[in-house]
Amino acid sequence: MKVKDTPLDGVKIITPRVFKDHRGFFMESYNYENMKAAGIDYQFVQDNHSLTVEKGTIRGLHYQLNPEAQTKLVRVITGAVYDVAVDIRKGSPTYGKWTGVMLSDENHRMLLIPKGFAHGFCTLTENTHIQYKVDVYYSKPHDSGVLWNDPELGIDWPATDPVLSEKDAGQPLMRDAEINFHQTVQRSVIT
């Protein structure tokens, strides 16, 4: 597999080896030892699968607050999405910055989104199936989010008039959202 860093520290694009022939293809979608050898060492505890029937639907931007924050490993089973991660770690040099990548059933890419990032996606096809692993169980009291079109974030979504849930349409701007992630800056000590 290939692991590519993004401009956001810890957010990675993972492209597995895919073996194709006249019958279709085979790939390992997850192998703990290979991931660990690549520096991706998470103990995933739950798999989630979502179906979005309409093209141009945005789900997000979601995260769980500490101490129940989640790392996610996202992949598309059928269809395609524009997948986005936003740095919500106060004190981070990339706080409020985002990165986006197309994930599809054709490119087989996965996106690793560590704790301290909000996550969302826009469907590029109808009947899109997404599966993602998380390293902490879902916790409703810690469920939180940021408004998908917060102008301070300036995410370049591929849909201008998306299909949204009531919850996602009512999320707060990032400056008003409950966020309890912090990144401390390492300082050199001169002796």
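Predicted model only: the values in this text are computed from it and were never measured. (Residues numbered from 1 in each chain as written. Predicted model: local features only at pLDDT ≥ 70, side-chain atom pairs only at ≥ 80, totals over all residues. Heavy atoms only, no water.)

(A) View of the overall build of the protein chain. Scanning the protein chain for helices and strands turns up 2 helices and 13 strands. For a compact globule of 191 residues, the expected C-alpha radius of gyration is about 16 Å, and the protein chain comes in at 17 Å, within 12% of that figure. Expressed along its principal axes, the backbone C-alpha trace of the protein chain runs to roughly 60 × 50 × 30 Å. The buried share of the protein chain, taken over its 191 residues, is 47%. The contacts of the protein chain with a sequence gap of at least 6 include a subset with a gap of at least 24, amounting to 79%. With an accessible surface of roughly 10600 Å², the protein chain has 49% of that area assigned to carbon and sulfur atoms. Positive and negative side-chain charges in the protein chain, numbering 21 and 24 respectively, have mean positions lying 5 Å apart. (Helix = DSSP H or I, 4+ residues; strand = E, 2+ residues; numbered from the N terminus. Rg over C-alpha atoms; globule rule 2.2 N^0.38 Å. Buried < 20%, exposed > 50% of the residue type's maximum accessible area, 1.4 Å probe, protein only. Contact = heavy atoms within 4.5 Å. Areas by Shrake-Rupley, 256 points an atom, 1.4 Å probe, with all protein chains shown as cover. Lys, Arg positive; Asp, Glu negative; His and termini not counted. Charge placed at Lys NZ, Arg CZ, Asp CG, Glu CD.)

(B) Geometry of the pattern of salt bridges. Counted under the stated rule, the structure contains 7 salt bridges. The partner of Lys133 in a salt bridge is Asp47, and the shortest N-O contact between them spans 3.1 Å. Placement of the pair is Lys133 in strand 12 (residues 128-134) and Asp47 in strand 5 (residues 46-52), with a sequence separation of 86 residues. Judged by its relative accessible area of 44%, Asp47 falls in the partly exposed class. (Salt bridge = Lys/Arg side-chain N within 4 Å of Asp/Glu carboxyl O.)

(C) Seen up close, the environment of Thr6. Tracing the backbone through its elements, the reader meets Thr6 in the loop between strand 1 (2-5) and strand 2 (12-15). Through-space distance from the C-alpha of Thr6 to that of Ser104 is 18 Å; in sequence the pair is 98 residues apart. In this structure Thr6 touches Val11, Lys12, Ile13 and Thr99, once residues within four positions along its chain are discounted. From its side chain, Thr6 meets the backbone oxygen of Val11 in a polar contact 2.9 Å long. (Polar contact = N/O pair within 3.5 Å; in protein donor to acceptor, adjacent residues only side chain to side chain.)

(D) Representation of the UniProt feature "active site" (unreviewed entry) in the protein chain in the model. When the UniProt feature table is mapped to this numbering, "active site" (unreviewed entry) covers His62 and Tyr132. These annotated residues cover 71 residues of sequence, but their C-alpha atoms sit close together, with the largest distance between any two at 13.4 Å. Mapped onto the fold, His62 is located in strand 6 (residues 58-64). Setting aside residues up to four positions removed in sequence, His62 forms contacts with Lys72, Phe117, Ala118, His119, Ser144, Gly145, Asp168 and Gln171. Look past the residues within four positions of Tyr132 in its chain and what remains in contact with it is Gln46, Asp47, Asn48, Lys72, Leu73 and Val74. (UniProt positions renumbered as here; feature names shortened; annotations may be inferred.)

(E) Just the sheet that holds strand 6, in detail. With respect to topology, 5 strands assemble into an open sheet ordered 9-8-11-6-13, the strand pairing being antiparallel. Across the chains shown, the open sheet's two edge strands, defined by having one partner strand only, are strand 9 (98-104) and strand 13 (143-145). Recorded for the sheet is a direction-independent mean angle of 30° between the axes of neighbouring strands. (Pairing = 2+ DSSP bridges. Axes fitted to C-alpha atoms, helices over the stretch in contact; angles between N-to-C directions.)

(F) Fine view of the sheet that holds strand 1. Strand order across the open sheet formed by 6 strands is 1-2-10-7-12-5, with antiparallel pairing between neighbours. The open sheet has two free edges, formed respectively by strand 1 and strand 5, since each of these has just one partner strand. Put simply, the sheet's adjacent strands are angled 25° from each other on average, direction ignored. As judged from the 3 bridges shared by strand 2 and strand 10 (residues 110-113), these two strands associate in the antiparallel manner. Bridging across to strand 10, Ile13 finds its partner in Leu111.

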